Amino acid sequence: MAKTKDALKILERVTGQNSNVQQAITNARINLEVAQMIYDARTSAGLTQRGLAELIGSKQSVIARLEDADYEGHSLSMLQRIGDALGQRLEMRFVRANRRGPRPEKPVSVSRRVLRRA
């Protein structure tokens, strides 16, 4: 078997077909993506964690927790508050869960609110 540096391929080899492990990896990936999305939006706006926290009426420690890839408590309402504060719209979608081949991704749900620029 050829060597690879692709972390996902390595994980698939190690975990095999264990659905519990694969589900845990999927959940961890989602948490990482949400945390990274919040971090990227905040830093693109030129804000510190404290600055964003003040805009949404929260504390710096809350923003730090939201930007932690291990945090599992992201809520839609908090993401919308962050979007409001940053003048951005939150978009969500469902995509096909199986790996039987590529299928075009169609937006399923988009925030109904158009958020104003801060």
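What counts and how
Residues numbered from 1 in each chain as written. Predicted model: local features only at pLDDT ≥ 70, side-chain atom pairs only at ≥ 80, totals over all residues. Heavy atoms only, no water. Helix = DSSP H or I, 4+ residues; strand = E, 2+ residues; numbered from the N terminus. Buried < 20%, exposed > 50% of the residue type's maximum accessible area, 1.4 Å probe, protein only. Contact = heavy atoms within 4.5 Å. Areas by Shrake-Rupley, 256 points an atom, 1.4 Å probe, with all protein chains shown as cover. Core = buried A, V, L, I, M, F, W, Y, C linked by side-chain atoms within 4.5 Å. Salt bridge = Lys/Arg side-chain N within 4 Å of Asp/Glu carboxyl O. Axes fitted to C-alpha atoms, helices over the stretch in contact; angles between N-to-C directions. Parallel < 35°, antiparallel > 145°, perpendicular 65-115°, else oblique. Left-handed = near helix turned anticlockwise from the far one by under 90°. Nonpolar A, V, L, I, M, F, W, Y, C, P; charged D, E, K, R; others polar. Arc of directions from axis to C-beta. Polar contact = N/O pair within 3.5 Å; in protein donor to acceptor, adjacent residues only side chain to side chain.

Trainee: For this particular structure, what's the right way to read the overall build of the chain?
Mentor: Within the chain one finds five helices and two strands. Listing the helices and strands of the chain from first to last along the sequence gives α-α-α-α-α-β-β. In the chain, which comprises 118 residues, the proportion classed as buried is 22%. The contacts in the chain between residues at least 6 apart in sequence include a share of 50% that link residues at least 24 apart. Carbon and sulfur atoms provide 51% of the accessible area of the chain, an area that totals close to 9300 Å².

Trainee: What should I look at first to understand the nonpolar core in this one?
Mentor: Residues Ile 38, Leu 52, Ile 56, Ile 63, Leu 66, Met 78 and Ile 82 are the most contacted members of the largest nonpolar core, which totals 15 residues. Excluding residues within four positions of it along the chain, Ile 63 makes contact with Arg 42, Gln 49, Leu 52, Ala 53 and Ile 56.

Trainee: What is the right way to read the pattern of salt bridges from this model?
Mentor: Enumeration over the complete set of coordinates arrives at two salt bridges. Across the pair Glu 67 and Arg 42 runs a salt bridge whose closest N-O atoms are separated by 2.6 Å. Residue Glu 67 is found in the loop between helix H4 (60-66) and helix H5 (76-86), and its partner Arg 42 is found in helix H2 (residues 19-44); the two are separated by 25 residues along the sequence. With respect to class, Glu 67 is no different from Arg 42; both count as buried.

Trainee: Would you mind showing me how to read the packing of H2 against H5 here?
Mentor: Two measures define how a pair of helices packs: the angle their axes make with one another and the distance between the axes. Between H2 and H5, the least distance of the axes is 11 Å, while the angle of their chain directions is 15°. As summarised for this structure, H2 and H5 are arranged roughly parallel, according to the angle between their axes. With respect to the hand of their crossing, H2 and H5 are arranged in left-handed fashion. Along its contact with H2, which presents Val 34, Met 37, Ile 38, Ala 41 and Arg 42, the element H5 presents Leu 79, Ile 82 and Leu 86. When grouped by side-chain class, the residues that make up the contact of H2 with H5 number seven nonpolar, no polar and one charged.

Trainee: Is there a simple way to think about H5 in this case?
Mentor: The periodicity of an α-helix, 3.6 residues per turn, causes residues three or four positions apart to be oriented the same way. Among all positions in H5, only Met 78, Leu 79, Ile 82, Gly 83, Ala 85 and Leu 86 are buried. Viewed along the axis of H5, the buried residues span an arc of 165°, placing them on a single side of the element. Buried-residue contacts for H5 involve H2, helix H3 (49-56) and H4. One or two residues past the end of H5 sits Gly 87, with phi positive at roughly 70°.

Trainee: Honestly, the side chain of Gln 49 in this entry has me stumped. Any pointers?
Mentor: Structurally, Gln 49 can be placed in helix H3. A distance of 2.8 Å separates the side chain of Gln 49 from the side chain of Glu 67, its partner in a polar contact. With sequence-adjacent residues up to four places away left out, Gln 49 is seen in contact with Arg 42, Gln 60, Ile 63, Ala 64 and Glu 67.

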